[in-house]
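# A structural walkthrough
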Amino acid sequence: MADQTLSPLQHELRETLAQGGCPLCHLAARDEQRFLDSLTYERILDEILLQDLRFPEVQAALVRAGGLCLPHLRTALGASGPAQSHTALLAAQREAWTVLMAELDGFIRKNDYRFQHEPMGDERDAWLRVLDTLTGLSPR
Ligand SMILES: [Zn+2]
């Protein structure tokens, strides 16, 4: 999908996907007043996120972002939208959480005294991202 055909809300969603972490949490933190308007919230969920998940680049961006947090995943799965979007959301979420669990395993392993000589990589903050995933993004 060419950039010039994206709506302002689609642009916002794609910008938040590039930040990493749950895009809905980022939107909520960035513009709390507007986001709390349930019509805007439902529109982002139903018309933007679930519709845009038909594009492989949006699915990949959601995986790179780490997927949705559990509270927003539950909301998204309860929202209306094409069945294939829910399937795409679950597939992206499963892939994102598989990556996160592998990084958490690496973090735990490298905190074992036998492997402490190995330098930390992306897994250094995996435990924080797991907490964000379970509860929603915390402001940092
Ligand atoms: Zn969230």
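An account of the accompanying structure is given in this report. Sequence order sets the numbering: in each chain, residues are counted from 1 along the sequence as written. Residue-level local features of this predicted model are given only where pLDDT is at least 70; pairs of side-chain atoms are given and counted only at 80 or more, and the full residue set underlies all totals for whole chains, interfaces and linings.

### Let's talk about the overall build of the protein
The test is simple: Helix numbers and strand numbers start at the N terminus; a helix is a DSSP run of H or I with at least 4 residues, a strand a run of E with at least 2. Whether a residue is buried, exposed or partly exposed follows from its count of other C-beta atoms within 10 Å of its own C-beta, namely 20 or more, 12 or fewer, or something in between, respectively; the C-beta atoms are built from the backbone. Contact between two residues is assigned whenever their backbone-derived C-beta positions fall within 7 Å.
Per the secondary structure count, the protein includes 8 helices and 0 strands. Of the regular secondary structure in the protein, the N- to C-terminal order runs α-α-α-α-α-α-α-α. Burial analysis of the protein (140 residues in total) assigns 27% to the buried set. Considering only contacts within the protein whose residues lie at least 6 apart along the sequence, 71% involve residues at least 24 apart.

### A look at the nonpolar core
Rule in force here: In these notes, a nonpolar core means any group of buried Ala, Val, Leu, Ile, Met, Phe, Trp, Tyr and Cys residues linked to one another through C-beta atoms within 7 Å.
One finds Cys22, Leu49 and Leu53 to be the most contacted residues of the largest nonpolar core, which totals 21 residues. Those elements giving two or more residues to this core turn out to be α1 (8–19), α2 (23–30), α4 (38–52), α5 (56–65) and α7 (83–110). Among residues more than four places away in sequence, those in contact with leucine 53 are Val58, Gln59, Ser85, Ala88 and Leu89.

### As for the packing of α1 against α2
Applied cut-off: For helices, the axis comes from a line fit to the C-alpha atoms of the stretch in contact; other axes are also lines fit to C-alpha atoms, and the angle between any two N-to-C directions lies between 0 and 180 degrees. Orientation is classified from the angle alone, with under 35 degrees giving roughly parallel, over 145 giving roughly antiparallel, 65 to 115 giving roughly perpendicular, and any other angle giving oblique. For this scheme, ten residues count as nonpolar: Ala, Val, Leu, Ile, Met, Phe, Trp, Tyr, Cys and Pro. Four count as charged, namely Asp, Glu, Lys and Arg, and the remainder, Gly too, count as polar.
Contact geometry of α1 with α2 gives a least axis separation of 9 Å together with a crossing angle of 110 degrees. Taken as axis vectors, α1 and α2 run roughly perpendicular relative to one another. Residues Glu12, Leu13, Thr16, Leu17 and Gln19 of α1 pack against Pro23, His26 and Leu27 of α2. Across the contact of α1 with α2, the residue classes tally to 4 nonpolar, 3 polar and 1 charged.

### Examining α1
We apply this condition: One fewer than the residue count of a helix, multiplied by 1.5 Å, yields its expected span. This arc is taken over the directions from the axis of the helix to the C-beta atoms.
Over its 12 residues, α1 extends 17 Å from the first C-alpha to the last, a length consistent with the 16 Å expected when each residue adds 1.5 Å. Among all positions of α1, only Gln10, Leu13, Thr16 and Leu17 are buried. Here the buried residues of α1 occupy an arc of 130 degrees about the axis, which is enough to place them on one side. Residues of α1 that are exposed and point over 90 degrees away from its buried face: Pro8, His11, Ala18 and Gln19. With its phi angle positive at about 85 degrees, glycine 20 sits one or two positions after the end of α1.

### Some words on the environment of proline 82
In this fold, proline 82 is placed in the loop between α6 (70–78) and α7. Given 13 C-beta atoms within a 10 Å radius, proline 82 is considered partly exposed. For the pair formed by proline 82 and leucine 53, sequence separation is 29 residues and the distance between their alpha carbons is 9.8 Å.

### Some words on the packing of α1 against α5
Two numbers describe how α1 lies on α5: the axes approach to 7 Å, and their chain directions differ by 40 degrees. One way to sum up the angle between α1 and α5 is to call them oblique. Residue-level contacts link Arg14, Leu17 and Ala18 of α1 to Ala61, Leu62 and Ala65 of α5. Residue composition of the contact of α1 with α5, by class: 5 nonpolar, no polar and 1 charged.

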